[in-house]
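Given next are the chains, with one letter for each unit.
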Amino acid sequence: MSPNSIKICCIGAGYVGGPTMAMIAKQCPDIEVNVVDINEARIAAWNSDSLPIYEPGLQEVVQEARGRNLHFTTEVSESIEKSDVIFISVNTPTKTFGIGAGRAANLEFVEKCARQIAESSHSHKIVVEKSTLPVRTAEAVKRILQSATNPNASFDVLSNPEFLAEGTAVKDLLNPDRVLIGGECPDAIEKLAGIYGRWVDAERILKTNLWSSELSKLTANAFLAQRVSSINAISALCEATGADVDEVANAIGTDSRIGPKFLKSSVGFGGSCFQKDILNLVYLCEHFGLHEVAAYWEQVIIMNDYQKRRFSTRIVHTMFNTVSDKRIAVWGFAFKKDTNDTRESAAIYVCRDLLEERARLTIYDPQVKLEHIKRDLEYLMVNEFGELSEHHRKLIDSNVEVASSAEAAASGAHAIAVLTEWDEFKEVDFDAVYQAMKKPAFLFDGRNLLDREKLAQNGFEVHAIGKP
Ligand SMILES: NC(=O)c1ccc[n+]([C@@H]2O[C@H](COP(=O)([O-])OP(=O)(O)OC[C@H]3O[C@@H](n4cnc5c(N)ncnc54)[C@H](O)[C@@H]3O)[C@@H](O)[C@H]2O)c1
């Protein structure tokens, strides 16, 4: 396989598969990259001007390579057959049923990919785990691949977890802190390293054994989430004592042993990965009888749930113990700025709590549509109660609406809740917003995004996270 003749197939055109493959195709014009998915609508969107995911800079990367050496297609078998390197980048959600429900990763989609690769392969393939997987999944993948019937089919399995962060995916892919490749076959490792080596310095390409690579991804996410939960725990103490969590974060973050990143207190972390990967880690620890280790990591999730609930409770208590029939402007629904991804967004939980209190919500997010907001709220209710009751369906239908701007959402509202840190919220004309709101005009800043003193001068009653 000369580097020039490499063909790549990536199974899964999601938040990871799409941007990652677009970057490989952009940086390596001589490598043919086929991104495949069973979701026809998603593939159609990747082939259109309206990409299925929002990421700053992604449109330009896709436009440069698409049609040249980057293709999006639903022809899974054909793409596998003609490729030398096959990435598995499918979803690995938390299991919702059976053994390990609520903790273990659901590996159904990964296993289906491995079976399809085994069936469709007629030559040697390097199979790359790009999805985040429990440690030792490669063992199962290898065993399934052994079931291939074509005598010319043979496989090497590598682990190459993705560390990109949504919202900065293009930047992260272009200039990664590191690329991690775990495997057993030095040739296969070198081939994959050679692809990344076109634009990533050799010293940033780390090579480990398979199990270290698989476990490193879960560990990285656990450590990142742990920092958020740690500062959020301190934010509760700040509110009780008069300390200011941003001042504390700054004071400890300048210690070079601690560092400043991931010390921003907020309404709680979200996203498709942190919670899922920690639960997976907890499940693994329990599986190996390491109960104290499991309990230690589970506390990170418990603290995050507490933080989300604490925020919505504070809104209710502050607004004279009732938000029933009051209108609350919700600014932001995505789990962080610069993405349209709402998976596990703290906003879903806060909105659920406020709806339970019969508040009327007017939501504005520059990238999230009403249908997705309603879908997320319904999904949460189904998860919690086993089904969507008539009561909850009516509540979501009648008490949730969207606005076309932050100002429009706030017009006539009793309160604003900032749930995503979109930059545009800082540019709002707060004088006008204040005038258009019911009084007292409450503002609950779940991201410590806005200037509290200025807002107070505008007349707002401001409540932020971890502030006196
Ligand atoms: N989203 C992130 O920021 C991020 C970062 C690092 C790692 N990861 C990991 O990467 C993996 C993928 O995450 P994602 O956010 O891209 O998920 P996603 O849900 O956005 O995309 C997964 C895609 O796989 C497709 N798929 C599932 N089974 C398939 C099959 N058999 N054949 C073809 N297509 C199939 C789905 O239709 C879906 O479009 C997960 O394991 C996740 O934990 C995600």
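One structure accompanies this document, and this report is about it. (Residues numbered from 1 in each chain as written. Predicted model: local features only at pLDDT ≥ 70, side-chain atom pairs only at ≥ 80, totals over all residues.)

1. A closer look at the pairing of strand 4 (residues 85–88)
Both faces of strand 4 are covered, namely the face carrying V85 and F87 and the face carrying I86 and I88. Where strand 1 (residues 7–11) and strand 4 come together, four bridges link them in parallel fashion. Within strand 4, the residue paired with I8 across the bridge is V85. In terms of strand pairing, strand 4 meets strand 5 (residues 124–129) through four bridges, oriented parallel. Note on strand 5: the bridge partner recorded for I86 is V127. (Buried ≥ 20, exposed ≤ 12 C-beta atoms within 10 Å, placed from the backbone. Helix = DSSP H or I, 4+ residues; strand = E, 2+ residues; numbered from the N terminus. Pairing = 2+ DSSP bridges.)

2. Here we look at the sheet that holds strand 9 (residues 327–331)
Ordered in space as 11-10-9-12-13-14, the six strands form an open sheet in which the pairing is parallel. One side of each edge strand has no neighbouring strand; the edge strands of this open sheet are strand 11 (400–402) and strand 14 (461–464). Between one strand and the next, the sheet's axes are offset by a mean angle of 20°, whatever the strand orientation. Pairing of strand 9 with strand 12 (residues 415–418) involves four bridges; the strand directions are parallel. Bridge assignment links I328 to a residue of strand 12, and that residue is A415. Contacts between helix 14 (residues 370–385) and the sheet are confined to strand 10 (360–364) and strand 11, with strand 11 contributing the most and set at about 155° to the helix. (Axes fitted to C-alpha atoms, helices over the stretch in contact; angles between N-to-C directions. Contact = placed C-beta atoms within 7 Å.)

3. With respect to unusual backbone geometry
A cis amide bond links K439 to the next residue, P440, at an omega of -5°. Following the sequence through the fold, P440 ends up in the loop between helix 17 (430–436) and strand 13 (442–445). A positive phi angle, near 60°, is found at F262, a position not held by glycine. Secondary-structure assignment places F262 in the loop between helix 10 (245–253) and helix 11 (274–287). Given 16 C-beta atoms within 10 Å, F262 falls into the partly exposed group.

4. Some thoughts on the sheet that holds strand 8 (residues 205–208)
Taken together, eight strands build an open sheet; the order of strands is 3-2-1-4-5-6-7-8 and the sheet is mixed. The open sheet is flanked by strand 3 (70–73) and strand 8, the only strands paired with a single partner. For this sheet the average axis-to-axis angle between neighbouring strands, irrespective of direction, equals 25°. One ladder, built from six bridges, connects strand 5 with strand 6 (residues 154–159); its direction is parallel. Across the sheet, V127 pairs through a bridge with V157, a residue of strand 6. Its contacts with the sheet put helix 5 (residues 108–120) on strand 1, strand 4 and strand 5, and the angle it makes with strand 4 is roughly 160°.

5. Side note on the site of the ligand
In the vicinity of the ligand there are 27 residues, among which G12, G14, Y15, S131 and T132 approach most closely. By residue number, the principal contributor to the shell around the ligand is helix 5, which donates three residues. Across the shell around the ligand, the residue classes tally to 12 nonpolar, 10 polar and five charged. (Near = placed C-beta within 6 Å. Nonpolar A, V, L, I, M, F, W, Y, C, P; charged D, E, K, R; others polar.)

6. What about helix 8 (residues 186–196)?
Along an α-helix, residues three or four apart share an orientation, since each turn contains 3.6 residues. Inspection of helix 8 places A188, I189, L192, I195 and Y196 among the buried residues, and these make up the whole buried set. All buried residues of helix 8 project into a common sector of 120° when viewed along the axis, lining one side. Looking at helix 8, the residues exposed on the side facing more than 90 degrees away from the buried face are P186 and D187. Residues of helix 8 that are buried make contact with helix 1 (17–27), strand 4, strand 5, strand 6, strand 7 (179–183) and strand 8. (Arc of directions from axis to C-beta.)

By themselves these figures say nothing about function.
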